[in-house]
Amino acid sequence: MALTGAVRVTDAAGSSAAPAPPRGTRRGDGRAASAFLLPGAIGFVAFTAFPIVASLVMSFFDWPVLGDPSFVGLRNFTELFTTDPVFKTALLNTAVFVLLYVPVNIVVSMGLAVWISPRIVGRRYYRVLFFVPAVTPMVGNAVVFGLLYTPRGLIDSLFQTLFGVSAPNFLGSSTWALPAVVLMSVWQGFGYNLLVFSAALDAVPAHLTEAAAIDGAGPVRQFFSVVLPLLSPSLFFATVLTLISSFQVFVQPYILTGGGPGNSTTTLVMYLYQSGFQNFRLGFASAIAWVLFVIIMALTAIQFLGQKKWVHYDQ
């Protein structure tokens, strides 16, 4: 009779249970798992957890780049909300950017995803074409759009050819600068959500839309009554990520306008950069970062609480 090395447990009734795995194997698996997790854990602590805690500590200090920091308590936060006019402008600009960018991004990406449905020939090529801006360098895209927006640029030439008038000075006008940044951002970022919605549309069961068509529902009614509820998980996912990224907008206004004219395109992240790396007020910049963090976390929590009313996970 051969020995297998495993212990077979027999209960009081005489029935035998499955052999228990050797303890040495479990211990070895734990060590191997710890070894694989250790580099990621070290990276998370060094580059994520520690900077977060350090920035929170710095927000309570007057922390210059050169010189000794001094504890000031809540003075940085008090200055932000009471005496600093640039912060209020940056907060308003960021809110306007989010209110314009998020709905336009979702509508454009959803509309194009519906358009390149399985009935469209060459849909895979359209997917690649629409996704290209999302993977190209944002700085390069901003430089190109800056050339398009300038007087005597392509847009101005088209206005003069088609309408006989010059185009607005998009980047030099406090009225048009922020919408110009939004337009460039939508062009840069809609490709990712388009792929999300396109994949979700492919997963919609065809028999549901066919049943709706038999009942007399037209294409528009089918989309809003059948397809859109089934897309609600993907729509929720895309909305959450787009909202978070839109609050962190920095490169587009920094390259296109530098925050101007005046402060009409200065966002919270840009003001954070100016405070920390141009004015060398690291504690004040950390306070801005934590205000932005709290805003994003609060809005994300509201979205997760509200998803129960409109997100349907069962098909």
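So, here is what we can say about the structure in this document.

Parameters and conventions
Residues numbered from 1 in each chain as written. Predicted model: local features only at pLDDT ≥ 70, side-chain atom pairs only at ≥ 80, totals over all residues. Heavy atoms only, no water. Helix = DSSP H or I, 4+ residues; strand = E, 2+ residues; numbered from the N terminus. Rg over C-alpha atoms; globule rule 2.2 N^0.38 Å. Buried < 20%, exposed > 50% of the residue type's maximum accessible area, 1.4 Å probe, protein only. Areas by Shrake-Rupley, 256 points an atom, 1.4 Å probe, with all protein chains shown as cover. Axes fitted to C-alpha atoms, helices over the stretch in contact; angles between N-to-C directions. Parallel < 35°, antiparallel > 145°, perpendicular 65-115°, else oblique. Left-handed = near helix turned anticlockwise from the far one by under 90°. Contact = heavy atoms within 4.5 Å. Nonpolar A, V, L, I, M, F, W, Y, C, P; charged D, E, K, R; others polar. Salt bridge = Lys/Arg side-chain N within 4 Å of Asp/Glu carboxyl O. Phe/Tyr/Trp six-rings, centres within 6.5 Å; stacked < 30°, edge-to-face > 60°. Lys NZ or Arg CZ within 6 Å of the ring centre and 35° of its normal. Patch = residues over 30% accessible without salt bridge, like charges linked within 9 Å, V, L, I, M, F, W, Y side chains within 5 Å. Expected span 1.5 Å × (residues − 1). Bend = angle between axes of the 7 residues up to and from the residue.

1. With respect to the overall build of the chain
Looking only at helices and strands, the chain features 13 helices and two strands. Over its C-alpha trace the chain gives a radius of gyration of 27 Å, far above what one expects of a compact globule, namely 20 Å for 315 residues. The principal-axis extents of the C-alpha atoms in the chain amount to approximately 95 × 70 × 35 Å. Burial statistics for the chain: of 315 residues in total, 35% are counted as buried. For the chain, the accessible surface area stands at approximately 18,900 Å², while carbon and sulfur atoms represent 70% of it.

2. Brief notes about the packing of helix α8 (residues 206-214) against helix α9 (residues 219-230)
Two elements in contact, α8 and α9, have axes separated by 10 Å at closest approach and are oriented at 160°. Here α8 is positioned roughly antiparallel relative to α9, judged by the angle of their axes. When you trace α8 past α9, the crossing you get is right-handed. Contacts from L208, T209, A212 and A213 in α8 reach Q222, V226, V227 and L230 in α9. Partitioning the contact of α8 with α9 into residue classes produces six nonpolar, two polar and no charged.

3. Describing unusual backbone geometry
That bond from G260 to P261 is cis: its omega, -5°, falls within 30 degrees of zero. You can see P261 is positioned in the loop between α11 (251-256) and α12 (268-278). You will see that R152, though not glycine, has its phi angle at about 65°, which is positive. Inspection of the secondary structure assignment puts R152 in the loop between α5 (138-149) and α6 (154-162). For R152, a relative accessible area of 75% gives the class exposed. Residue F280 is not a glycine yet carries a positive backbone phi of 60°. Mapped onto the elements of the fold, F280 is located in the loop between α12 and α13 (282-306).

4. Quick word on the environment of P103
When you line up the elements, P103 lands in helix α3 (residues 85-115). Residues P103 and P229 lie 126 residues apart in sequence; the distance between their C-alpha atoms is 18 Å.

5. Quick word on the pattern of salt bridges
Counted according to the given criterion, the structure contains four salt bridges. For D202, the salt bridge goes to R123, with nearest N and O atoms at 3.1 Å. Residue D202 is located in helix α7 (residues 177-202), and its partner R123 is located in helix α4 (residues 123-135); the two are separated by 79 residues in the primary sequence. Using a relative accessible area of 39% as the deciding quantity, one classes D202 as partly exposed. Sharing partners across several salt bridges, the network here consists of R123, R127 and D202.

6. Description of the packing of aromatic side chains
According to the stated counting rule, one finds 22 aromatic pairs in the structure shown. Ring geometry for F60 against F77: centres 5.9 Å apart, planes inclined by 50°, an arrangement best described as tilted. Separated by 17 residues along the polypeptide, F60 in the loop between α1 (23-58) and β1 (61-62) and F77 in helix α2 (residues 75-82) bring together distant segments of the chain. Of the residues examined, F60 reaches a relative accessible area of 25% and is grouped as partly exposed. Taking relative accessible area as the criterion, F77 reaches 17% and is therefore assigned buried. Taking the centre distance of 5.5 Å and the plane angle of 80° together, the rings of Y254 and Y273 count as edge-to-face. With Y254 in helix α11 and Y273 in helix α12, this pair connects stretches of sequence that are 19 residues apart. Given the relative accessible area of 33%, Y254 is considered partly exposed. Among the residues examined, Y273 registers a relative accessible area of 26% and is labelled partly exposed. Cation over ring: R281 sits above F284, and NZ or CZ is 4.2 Å from the ring centre.

7. A closer look at a nonpolar patch on the surface
A cluster of nonpolar side chains, V139, V143, L147, Y254 and I255, forms an exposed patch at the surface whose accessible area comes to about 420 Å². Considering the arrangement of structural elements, one finds I255 in helix α11. The class for I255 is partly exposed, based on a relative accessible area of 32%.

8. With respect to the side chain of S185
By secondary structure assignment, the location of S185 is in helix α7. The contact partners of S185, leaving out residues within four places of it in the chain, are F97, Y101 and Q252.

9. Considerations on α7
Over its 26 residues, α7 runs 38 Å from end to end, which matches the ideal 38 Å to within 8%, given 1.5 Å per residue. Approximately 40° is the largest bend angle found in α7, and it occurs at G189. Most of α7 is tucked away: 19 of the 26 residues are buried.

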